[in-house]
Amino acid sequence: MSIQYRNLVSVLASYSGTGSNVTLDLGFVPSMARGYDVTNGALGWYWFQNMDGTATTIRGVTEGAAIATISNGAGGIVALDGSAGTGIGLTIGTDTTINIAGHGVIVHAMR
């Protein structure tokens, strides 16, 4: 995970999919975040703070696929509040729609 750009209201970061949980230490828990798979250009995901504990919204961008959801219990995205000493931001779960091993993802997160 690396920070590409930071300003007062947002962060642009990137991560490489591993298939295991990925910690994004953004410096804050975002109110919303969106990701774009730059390896295949076909998938994007959206997460909003009020979705924490319920679901991650996934949309196939190039295929025009219908919006689907991934529950957090199935490897979705959850807020990372810093209480475990691992950072503040998001944890990308193990679902292979949002965390494909070897795929690069750009994330735009807003406060």
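Our structure's up above, just so we're on the same page.
The written sequence of each chain sets the order in which its residues are numbered from 1. Local features in this predicted model are restricted to residues of pLDDT 70 or higher, and side-chain atom pairs are both shown and tallied only at a pLDDT of 80 or more, whereas totals for entire chains, interfaces and linings draw on every residue. With hydrogens and water set aside, each side-chain value is computed from the structure's full complement of heavy atoms.

Draft legend 1. The arrangement of the nonpolar core in detail. Residue types Ala, Val, Leu, Ile, Met, Phe, Trp, Tyr and Cys, when buried and joined through side-chain atoms within 4.5 Å, form a set referred to as a nonpolar core. Exposure classes here rest on a 1.4 Å probe applied to the protein chains alone. A residue is buried below 20% of its type maximum, exposed above 50%, and partly exposed in between. Core analysis: the largest hydrophobic core is formed by 18 residues, its most contacted members being Tyr15, Trp45 and Ile92. Of all the elements in the fold, those that place two or more residues in this core are strand E2 (10–16), strand E3 (22–25), strand E5 (43–48), strand E9 (88–92) and strand E10 (104–110). Contact partners of Ile92, with chain neighbours within four places excluded, come to Tyr15, Ser20, Asn21, Val22, Leu24, Trp45, Gly76, Ile77, Ile98 and Asn99. By the criteria applied, helices consist of DSSP H or I runs no shorter than four residues and strands consist of E runs no shorter than two, each listed in order from the N terminus. By definition in these notes, contact holds between two residues if any of their heavy atoms fall within 4.5 Å.

Draft legend 2. Quick peek at the sheet that holds E3. If you trace the 3 strands from one edge of the open sheet to the other, you get E3-E9-E8, paired in antiparallel fashion. Taken across any chain shown, the strands that pair with only one partner, and hence form the sheet edges, are E3 and strand E8 (77–81). Put simply, the sheet's adjacent strands are angled 25 degrees from each other on average, direction ignored. Sheet topology note: the E3/E9 ladder contains 4 bridges and is antiparallel. When DSSP locates at least two bridges between a pair of strands, those strands are taken to pair. Every axis corresponds to a line fitted to the C-alpha atoms, with the helix fit spanning only the stretch in contact, and the corresponding angles, defined between N-to-C directions, vary from 0 to 180 degrees.

Draft legend 3. Fine view of the side chain of Asp37. Summarising the element assignment, Asp37 is placed in strand E4 (residues 32–37). Owing to a relative accessible area of 5%, Asp37 belongs among the buried residues under this scheme. A polar atom in the side chain of Asp37 sits 2.9 Å from the backbone nitrogen of Thr39. Here a polar contact is recorded for every N or O atom pair within 3.5 Å, except that within protein the pair must consist of a potential hydrogen donor and a potential acceptor, and residues adjacent in sequence are included only if both atoms are side-chain atoms. Only 2.7 Å separates the side chain of Asp37 from the side chain of His103, close enough to count as a polar contact. Here Asp37 is in contact with Ala42, Leu43, Ile100, His103, Gly104 and Val105, once residues within four sequence places are set aside.

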